[in-house]
Amino acid sequence: MAAVLLLVVALVAVGSGRGDAFDPNPLQDFCVADTTSKVRVNGVSCKDPAAVVPGDFFFAGVDKPGGTISKHYAFSALPVQIPGLNTLGQSHVRVDVPPGGIFPPHYHPRASETAVVLEGSVYFGFLSSYPDNRLFDKVLRKGDVFAVPQGLVHFLYNNGTEPAALYATLSSQNPGLVLLADTLFAGALPDDLLAKTLRSGNDNHIVEIIRRKFGRP
Ligand SMILES: *[C@@H]1O[C@H](CO)[C@@H](O)[C@H](O)[C@H]1NC(C)=O
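Residues numbered from 1 in each chain as written. Predicted model: local features only at pLDDT ≥ 70, side-chain atom pairs only at ≥ 80, totals over all residues. Heavy atoms only, no water.

1. With respect to the sheet that holds strand 13 (residues 178-179)
Next up, step 1: The strand order across the open sheet formed by 5 strands is 9-8-11-6-13, and the pairing between neighbours is antiparallel. Of all strands in the sheet, those bounded by a partner on one side alone are strand 9 (135-141) and strand 13.
Next up, step 2: In terms of strand pairing, strand 6 (residues 102-107) meets strand 13 through 2 bridges, oriented antiparallel. Residue pairing in the sheet places Tyr107 in a bridge with Val178 of strand 13. (Pairing = 2+ DSSP bridges. Helix = DSSP H or I, 4+ residues; strand = E, 2+ residues; numbered from the N terminus.)

Rendered as structure tokens:
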């Protein structure tokens, strides 16, 4: 009896864990984002369906680089903003990495990812979780598609001579982005804790050197 109860509890725990890791299923054909609404829902509230137009499911311009450029890592990211994708559990982005540029090791807590290489070539990889930390890497070329399992650390490095462009699709409306080095060194963790984390005992020296590069006093 106790064993059965435990099994039920375990199954419910597994089930709800999975549920939490994915965006909820929509309850209507579409919920085009109404960015003017002050009403907060799980996502952006929906525009009146009668006012929805084809342009709500459209975005132009991913044939060219754009968006925000990272001054430290040189990649740029152009979010594909399609209001009609609101609540549908996905997001898209064009990413450009110039020669010598990187998209540093990072993960998305709420999404798996696939990306197609539009132009150029790029060294890509992801790492499995602790304790294996196994590297799955490949040099990708135009037309190649790669996949990153949810929550795993991955990176891009353009170690070639041509600009590289990718189009990525993520399995959440709000995938989240954790840049490992920024989280550790630009965040507010105490220096002595970081030194111990880096297996440097009571020597804060390395931490101070790295922290300065991340703009921390
Ligand atoms: C980029 O780095 C990867 C991994 O070290 C290597 O296999 C590849 O040949 C490099 N590409 C160039 C153009 O050097």
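2. Notes on the state of the cysteines
Next up, step 1: If you walk through the whole model with that rule in mind, you get 1 disulfide.
Next up, step 2: Across the disulfide, Cys31 is cross-linked to Cys46 (sulfur-sulfur distance 2.1 Å). The sign of the S-S torsion, about -100 degrees, decides the handedness of the disulfide formed by Cys31 and Cys46: left-handed. In this pair, Cys31 sits in the loop between helix 1 (2-20) and strand 1 (40-41) while Cys46 sits in the loop between strand 2 (43-44) and strand 3 (68-69), placing the two residues 15 residues apart along the sequence. (Disulfide = S-S within 2.5 Å.)

3. Quick look at the sheet that holds strand 7 (residues 113-119)
Next up, step 1: Spatially, 6 strands are ordered 3-4-5-12-7-10 in an open sheet, and the strand pairing comes out antiparallel. Either end of the sheet is taken by a strand with one partner, and the two such strands are strand 3 and strand 10 (145-148).
Next up, step 2: Pairing of strand 4 (residues 76-79) with strand 5 (residues 91-97), which is carried by 4 bridges, proceeds in the antiparallel orientation. Bridge pairing in strand 5 places Ala77 opposite Val95.

4. Observations regarding the nonpolar core
Next up, step 1: In this structure, Phe124, Phe146, Leu156 and Leu166 are the most contacted members of the largest nonpolar core, which totals 23 residues.
Next up, step 2: Tallying contributions element by element places strand 12 (residues 164-170) first for this core, with 4 residues.
Next up, step 3: If near-sequence neighbours (up to four positions away) are discounted, Leu156 is found in contact with Val95, Val97, Gly101, Ile102, Phe103, Val122, Tyr123, Phe124, Phe146 and Leu166. (Core = buried A, V, L, I, M, F, W, Y, C linked by side-chain atoms within 4.5 Å. Buried < 20%, exposed > 50% of the residue type's maximum accessible area, 1.4 Å probe, protein only. Contact = heavy atoms within 4.5 Å.)

5. Some remarks on the domain arrangement of the protein
Next up, step 1: With domains assigned, the protein is organised as domain 1 (55-178) and domain 2 (186-213).
Next up, step 2: Computed from C-alpha coordinates alone, the two centres of domain 1 and domain 2 are separated by 29 Å. (Domains from an automatic or database assignment.)

6. Re the site of the ligand
Next up, step 1: Taken together, Tyr123, Val139 and Asn159 make up the full set of residues adjacent to the ligand.
Next up, step 2: Within the side chain of Asn159, a nitrogen or oxygen atom sits 2.2 Å from an oxygen atom of the ligand.
Next up, step 3: About the coverage of the ligand: the protein hides 40% of its 370 Å² of free accessible area. (Near = heavy atom within 4 Å. Polar contact = N/O pair within 3.5 Å; in protein donor to acceptor, adjacent residues only side chain to side chain. Areas by Shrake-Rupley, 256 points an atom, 1.4 Å probe, with all protein chains shown as cover.)

7. Quick word on the packing of aromatic side chains
Next up, step 1: Within this structure, the stated rule accounts for 6 aromatic pairs.
Next up, step 2: When the centroid spacing of 5.5 Å and the interplanar angle of 75 degrees are considered together, the rings of Phe30 and Phe57 count as edge-to-face. Of this pair, Phe30 sits in the loop between helix 1 and strand 1 while Phe57 is found in the loop between strand 2 and strand 3, placing the two residues 27 residues apart along the sequence.
Next up, step 3: Note on Phe30: relative accessible area 30%, which makes it partly exposed.
Next up, step 4: Classification of Phe57 as partly exposed rests on a relative accessible area of 40%. (Phe/Tyr/Trp six-rings, centres within 6.5 Å; stacked < 30°, edge-to-face > 60°.)

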